[in-house]
Amino acid sequence: METRKGRRYKTHYELPGEGELFIVSAPSGAGKTTLCRKLTAIVPRLKHSVSYTTRPRRKGEKNNVDYTFISEKKFKAMINRGEFVEWAVVHGNLYGTSLKRLRGLMKKGYDIILDIDVQGVLQVKRKMSEAVYIFILPPSIHVLKKRLTFRMSDTAGEIEKRVKKAKEEILSYRNYDFIVINDDLRKALKELESIVIAKRLKVNRVKSALLNKSRTEKL
Ligand code: ADP
Ligand code: 5GP
């Protein structure tokens, strides 16, 4: 496969099969949104699941693209109807992953990235042990603070809260299968891409994809 950024190779993972789930978590400001966006842009058949949130929309964010922005009342009604695979209060706002959205995408054969906080990860882990758990870390707390400041989306007080929370969140690294340090963006992206490709090349995945193909081709 050719892309504008250069030659990319094709693997068996482009054959139809069941979708895989990649759970990506990180302290706020580590670069998870930036990396996940770039990753879905370069890896075929990989989609980001759009979460629901009650947090106010930031400048430049689009409804149903970055998040689905809803009121607290609507969010709580969705909780009561059991519509979330996981949900959590993060920095004072509610965030949740819709089961319907997730199933819909996975049924279509897409691999999915869930960009969720560490509390959400624990909930998903109880339900989906097959998923791949990835933790993104900044090179240091100092750099994290600089990135949050540079992003200009939070007040100084909010940044302090996020940095304090980051120090606690980092301690949960043992819950993950992979750690990616986001120092150099290109290197971190390459590492994330490698994790996705490695998972797609696992025997069970390739086998089911090949079996599907051989059935349809009447070998
Ligand atoms: P998160 O989604 O984890 O909260 P963002 O993706 O919003 O973090 O990144 C936080 C800020 O850091 C953004 O301004 C982003 O452009 C910047 N950033 C992300 N990765 C890097 C990197 N490797 N080097 C320098 N700046 C980065
Ligand atoms: P932000 O408001 O900066 O976009 O995200 C704040 C935090 O909420 C991040 O750690 C992000 O991963 C997390 N988050 C985003 N969507 C979800 C979700 O659906 N569930 C959970 N548990 N956390 C989420």
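Note that this is a predicted model, so its numbers are computed, not measured.

1. Some remarks on the side chain of Asn93
- You can see Asn93 is positioned in strand E8 (residues 93-98).
- Excluding residues within four positions of it along the chain, Asn93 makes contact with Thr53, Thr54, Arg55, Pro56 and Ala88.

2. Observations regarding the site of ligand 1
- As a matter of local geometry, ligand 1 sits amid 14 residues, with Gly29, Thr33, Thr34, Arg151 and Asn182 nearest to it.
- With respect to ligand 1, the side chain of Thr33 contributes an N or O atom lying 2.3 Å from an oxygen atom.
- Within the contact set of ligand 1, an oxygen atom lies 2.8 Å away from a side-chain nitrogen or oxygen of Arg151.
- Given that more than half its atoms are within 2 Å of the pocket grid, ligand 1 belongs to the largest pocket.
- Where the shell around ligand 1 is concerned, the elements lending two or more residues are helix H1 (32-42) and helix H5 (141-151).
- Of the residues assigned to the shell around ligand 1, the class counts are four nonpolar, six polar and four charged.

3. Topic: the layout of surface pockets
- Of the voids in this model, the largest pocket is the one considered here, and its volume is about 1,200 Å³.
- Lining the largest pocket are 45 residues; nearest its centre among them are Lys32, Thr33, Arg58, Asp115 and Arg151.
- Counting residues per element, the ones that place at least two in the lining of the largest pocket are H1, strand E7 (84-90), E8, H5 and helix H6 (156-169).
- Among the elements that take part in the lining of the largest pocket, H1 stands out by supplying six residues, more than any other.
- For the lining of the largest pocket, a count of residues per class yields 15 nonpolar, 14 polar and 16 charged.

4. Brief notes about the packing of H5 against H6
- Running from amino to carboxyl end, H5 crosses H6 at an angle of 150°, the nearest separation of the two axes being 10 Å. For the element pair H5 / H6, the angle class is roughly antiparallel. In terms of crossing hand, the pair formed by H5 and H6 is right-handed. Side by side, H5 and H6 meet where Ile141, Leu144, Lys145, Leu148, Thr149 and Arg151 of the first sit next to Ile159, Glu160, Arg162, Val163, Ala166 and Lys167 of the second.
- Here the contact of H5 with H6 is built from residues that sort into six nonpolar, one polar and five charged.

5. Quick word on the nonpolar core
- In this structure, Leu39, Ile134 and Ile136 are the most contacted members of the largest nonpolar core, which totals 25 residues.
- For this core, the leading source of residues is helix H7 (residues 185-200), giving five residues.
- What Ile136 contacts, discounting residues up to four positions off in sequence, is Val24, Ser25, Ala26, Pro27, Ala30, Lys32, Leu35, Val180, Asn182 and Leu192.
- Ranked by size, the runner-up nonpolar core spans 16 residues in total, among them Leu114, Val121, Ala131 and Leu137.

So, how was this worked out
Residues numbered from 1 in each chain as written. Chains lettered and ligands numbered in written order. Predicted model: local features only at pLDDT ≥ 70, side-chain atom pairs only at ≥ 80, totals over all residues. Heavy atoms only, no water. Helix = DSSP H or I, 4+ residues; strand = E, 2+ residues; numbered from the N terminus. Contact = heavy atoms within 4.5 Å. Near = heavy atom within 4 Å. Polar contact = N/O pair within 3.5 Å; in protein donor to acceptor, adjacent residues only side chain to side chain. 1 Å grid on protein atoms, 1.4 Å probe; cavity = no way out; pocket = protein on both sides within 12 Å on 5 of 7 lines; lining within 4 Å. Sits in = over half its atoms within 2 Å of the grid points. Nonpolar A, V, L, I, M, F, W, Y, C, P; charged D, E, K, R; others polar. Points joined across faces, edges and corners; volume = space filled by probe spheres on them. Axes fitted to C-alpha atoms, helices over the stretch in contact; angles between N-to-C directions. Parallel < 35°, antiparallel > 145°, perpendicular 65-115°, else oblique. Left-handed = near helix turned anticlockwise from the far one by under 90°. Core = buried A, V, L, I, M, F, W, Y, C linked by side-chain atoms within 4.5 Å. Buried < 20%, exposed > 50% of the residue type's maximum accessible area, 1.4 Å probe, protein only.

Interpretation in functional terms is not warranted from these geometric data alone.
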